[in-house]
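The residues making up each chain are set out below.
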Amino acid sequence: MAEINKVAVIGAGVMGAGIAAHVANAGHEVLLLDIVPEGASDRSAIAKGAVQKLLKADPAPLTHKGKAKLIQPGNIEDDLDKLQECDWIIEAVIERLDIKHDLYAKIDAVRKPDAVVSSNTSTIPLERLTEKMSDTMKQHFMITHFFNPPRYMRLLELVEGVKTDKAAIERVSKFVDYKLGKSIVTCKDRPGFIANRLGIYWVQIAIQEAIAQGLTVEEADAVIGRPCGIPKTGVFALMDLVGLDLMPHVVGSMLEALPKDDAFVTSYQPMPLVEKLIADGYTGRKGKGGFYRLNREGGGKVKEAIDLQTGEFHKSVKARLESAKTRPQKLRDLVTHEDKGGQYAWKVLAKTLSYAAMLVPEAADDVAAVDEAMRLGYNWKFGPFELIDFLGVDWFVEALEKDGMAVPALLKTAAGKTFYRVEDQKLQYLTVDGDYADLTRPEGVIMLADIKRTREPILKNSSASVWDIGDGVACFEFTSKMNSLDPEILGLIQKAVRKVKKEFKALVVYNEGSNFSAGANLGLALFAANIAAWPEIENIVESGQEAYKALKYAPFPVVGAPSGMALGGGCEILLHCDAVQAHVETYVGLVECGVGLVPAWGGCKEMLDRWTKNPKWPNGPMAPVAKVFETVSTATVAKSAEEAKSLLFIRPDDGITMNRYRLLADAKARALSLVEGYEPPEAPTYRLPGASAKVAFEMAVDGFHRIGKATDYDRVVAGELGFVLSGGETDVTEELSEDDILELEREAFMRLARRSGTLARVEHMLLKGKPLRN
């Protein structure tokens, strides 16, 4: 079976360009085509303009700006013959059937015989798309529905036709999984497929009920967000994010395509407020705002929210509903709460979860597909059937009947059962006929959650665990809140090193949280500082240094496997690993200066070592030190694993995994590849420039201070960082050891920890979640 190498995307709008960018992220050449603009001197101006927008967009569609070189812009009239070079051709043009049919005929005339063609449509059934298609093209045609933005959203809905060749499906599925990092949910050829059909219904109901029950947008988002295991954007902030102007088009196409007795159609109500917002240019964050906006009058920046009853904006006020304090696992407490938030949550969830039950098997084969689609397509922490299990199937059915609502057949089948269960240490889901089936993973996928169902941890305390993941490899998992690092974790690292040395071949540092680690536990540090427990703070600093050195010099390979944020101490642990296998969406940085501190668990010494040995960086003692100072003093965070390589937070030869589900398996394989003949690294030595460098750094920061880019306290923190990186009271003739640099880190950290400016920064970060500019 031929591999997919070069890809073409036709349609350089937001979605088409985003798909092209993500193909480039995977390291593959991609041809991006669009129409020739009328009267344009540059006939490929639309596609070229799209590439320029990719370089400026935020959030960035490209994992590294250098990836843009892999995108070849062109136009449909002059460059269609270039499709002969492409193995997969993705159509992402306007949702008009006549335009698509015309384009497919042109593609069929020039494509390679085995080239796969797919549409990114989310509303037009495959049956309609293929009406005028040749039989040979039908064999290589399917729907591949990406979610926006393509780089970040992990779901791809795949719809195959009756005549679609299985080998074509396999080629695309393999490429999408391994290279693009998407998880595939196979859908039936129904309008809206799974995620948008249910997700848009949920949005419609949530907005309607908020208006009907007199909630503010802040109250609605607070209730229908985190308490339901849904991102904190809730519904109204979500619509601002995706764009209000998209809603009428998608809803309109769904109303036209779905049966008239479908709940989506029967529950639909026009929304004059939304129509007025769009007409007035309030299309969401890409416009003047939406349900929320920033009022910049008088040079200020005041967040405002719209009144759903009057249509007027007012200063946004945080919701104060007791019901909003519940957790998803206590969902019944939320929907039975007596305040208006509880009543609102019940109305929305009763209709949404019922509709989800109606979609199986009409739009999806099983409940697992629906749950996966909503987790990955809408970032729900729990799928709708997991939420029903939290409520209890029988309780939910009884509550629906009490409210006079119809009970879907699937809920009747589930009577007395749960949609998920663990049987013989295997996770199973309820099928449409009332039996249970094992939830299987794609070949080669290892999930720590599955391992944890089958065995007990080797070591464990309140903040971390160590697991046997097979083949002589152990896995160290953080389990604290936000995976923040504390003395419990540091102590268990030392125990884990001793355990692995005796009983295993290698160690992987990995977890399945949203973030690898947010860094040190600042709350614990602030408490200790407030009671002047300075020896305790210094002991934590020293314990971290010793724990990380134990990992670095362990007699077995250690591989870090991060995903999400790896900040501060979370970054430092990666710096001490023999290798890193990072998920592509890993955001790494030494951010201590932002809270008035300096890296003190070896981050400074490791970055100095890496930049000093970087063959692509200028020689001499000053250049590498200056680069580390620039990166650390500005609390620079790499916005992808690719960027982390360019900043040397991870090494150039470290691995990047595109599919989050494959990260642990890839990290385990990397660890095993290092076992044979493994020797711990040699301890580095340093020759640092001393006082002259420290003065140069101070002068640079003073310059930024004069133009308002550095605050008074930035100068203080930068001074301590400069002291560490320049080598303290030394010069380039003196050789320093690793322990010498660690001592400088500790001294600078402790001096800053005693300052009121640092305590103010730490407290502000804990309360506000953002740095204080003091």
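Counting restarts for each chain: residues are numbered from 1 in the order of the written sequence. Two thresholds apply to this predicted model, a pLDDT of at least 70 for residue-level local features and 80 or more for giving and counting side-chain atom pairs, whereas whole-chain, interface and lining totals are computed over all residues. With hydrogens and water excluded, all non-hydrogen atoms of the structure serve as input to the side-chain values.

Some thoughts on empty space enclosed by the protein
Reasoning step 1: A cavity, in this analysis, means grid points on a 1 Å lattice covering only the protein atoms where a 1.4 Å probe fits yet has no way out; a pocket is instead an open set bounded by protein on both sides within 12 Å along at least five of seven lines, and a residue lines either one if it has an atom within 4 Å of a point. Grid points are joined across faces, edges and corners, and a volume is the space filled by probe spheres set on the points. The final tally for this structure, using the stated rule, is one cavity of 30 Å³ or more.
Reasoning step 2: Of the pockets and cavities examined, the largest cavity occupies roughly 60 Å³.
Reasoning step 3: Of the residues belonging to the lining of the largest cavity, the class tally is four nonpolar, three polar and four charged. Under the scheme applied, nonpolar residues are Ala, Val, Leu, Ile, Met, Phe, Trp, Tyr, Cys and Pro; charged residues are Asp, Glu, Lys and Arg; polar residues are all the others, including Gly.

Remarks on the pattern of salt bridges
Oppositely charged side chains can pair when the atoms bearing their charge come close.
Reasoning step 1: In the sections that follow, a salt bridge refers to a side-chain nitrogen of Lys or Arg positioned within 4 Å of a carboxyl oxygen of Asp or Glu. Counted under the stated rule, the structure contains 48 salt bridges.
Reasoning step 2: Asp98 is the salt-bridge partner of Arg96, the closest N and O atoms lying 2.7 Å from each other.
Reasoning step 3: Exposed residues in this analysis have more than 50% of their type's maximum accessible area, buried residues have under 20%, and partly exposed residues fall in between, with area computed by a 1.4 Å probe over protein chains only. Judged by its relative accessible area of 42%, Arg96 is partly exposed.
Reasoning step 4: Glu606 is paired through a salt bridge with Lys552; the nearest N and O atoms lie 2.7 Å apart. One end of the pair, Glu606, is in helix α25 (residues 603–612); the other, Lys552, is in helix α23 (residues 534–552), and 54 residues separate them in sequence. Comparing Glu606 with Lys552 shows no difference in burial state: the two are buried.
Reasoning step 5: Each of Arg190, Arg197, Asp262 and Glu362 takes part in one network of salt bridges that share partners. Helix and strand labels come from DSSP, where a helix needs a run of H or I of at least four residues and a strand needs a run of E of at least two; each type is numbered from the N terminus.

Observations regarding the sheet that holds strand β9 (residues 292–295)
Reasoning step 1: Pairing is antiparallel in the open sheet, where three strands are placed in the order β9-β10-β11. A strand with exactly one partner marks an edge of an open sheet, and here the two such strands are β9 and β11 (313–315). Sheet twist, expressed as the average angle between the axes of neighbouring strands with direction ignored, equals 40 degrees.
Reasoning step 2: Of the pairings in the sheet, the one linking strand β10 (residues 302–306) to β11 comprises three bridges and is antiparallel in character. Residue Ile306 lies in a different strand from β11, and its bridge partner there is Phe313. In this scheme, strands are said to pair when DSSP sees at least two bridges between them. To obtain an axis, a line is fitted to C-alpha atoms, over the contacting stretch when the element is a helix, and the angle between two such axes runs from 0 to 180 degrees between their N-to-C directions.

Thoughts on a negative patch on the surface
Reasoning step 1: Where like charges cluster on the molecular surface, the negative patch consists of Asp731, Glu734, Asp740 and Glu743.
Reasoning step 2: With relative accessibility at 31%, the residue Asp740 sits in the partly exposed group. Excluding any residue in a salt bridge, patches collect residues exceeding 30% relative accessible area, merging like charges within 9 Å and nonpolar Val, Leu, Ile, Met, Phe, Trp and Tyr side chains within 5 Å. Using a 1.4 Å probe, accessible areas were evaluated by the Shrake-Rupley method; residue-level cover was limited to the displayed protein chains. Counted as positive: Lys and Arg. Counted as negative: Asp and Glu, with His and the chain ends omitted from the count. One atom stands in for each charge, and that atom is NZ of Lys, CZ of Arg, CG of Asp or CD of Glu.

A few points about unusual backbone geometry
Reasoning step 1: In this structure, the amide linkage connecting Asp58 to the following residue, Pro59, adopts the cis form with an omega of 5 degrees.
Reasoning step 2: Residue Asn148 is joined to Pro149 through a cis peptide bond whose omega torsion reads 0 degrees.
Reasoning step 3: Here Pro149 lies in the loop between β6 (141–146) and β7 (155–160).
Reasoning step 4: The backbone of Gln425 shows a phi angle near 65 degrees, a positive value even though the residue is not glycine.
Reasoning step 5: If you trace the backbone, Gln425 turns up in the loop between β12 (420–423) and β13 (426–430).

Focus on helix α26 (residues 622–633)
Reasoning step 1: Given a helix with a known number of residues, its expected span is that number minus one, times 1.5 Å. Here α26 spans 16 Å end to end across twelve residues, near enough to the 16 Å set by a 1.5 Å rise per residue.
Reasoning step 2: Inspection of α26 places Pro624, Val625, Lys627, Val628, Phe629, Thr631 and Val632 among the buried residues, and these make up the whole buried set.
Reasoning step 3: Residue contacts are counted whenever heavy atoms from the two residues lie within 4.5 Å of one another. In this structure, the buried side of α26 is in contact with α25, α29 (691–706) and α30 (712–725).
Reasoning step 4: Remark: Ala635 follows α26 within two positions and exhibits a positive phi of approximately 50 degrees.

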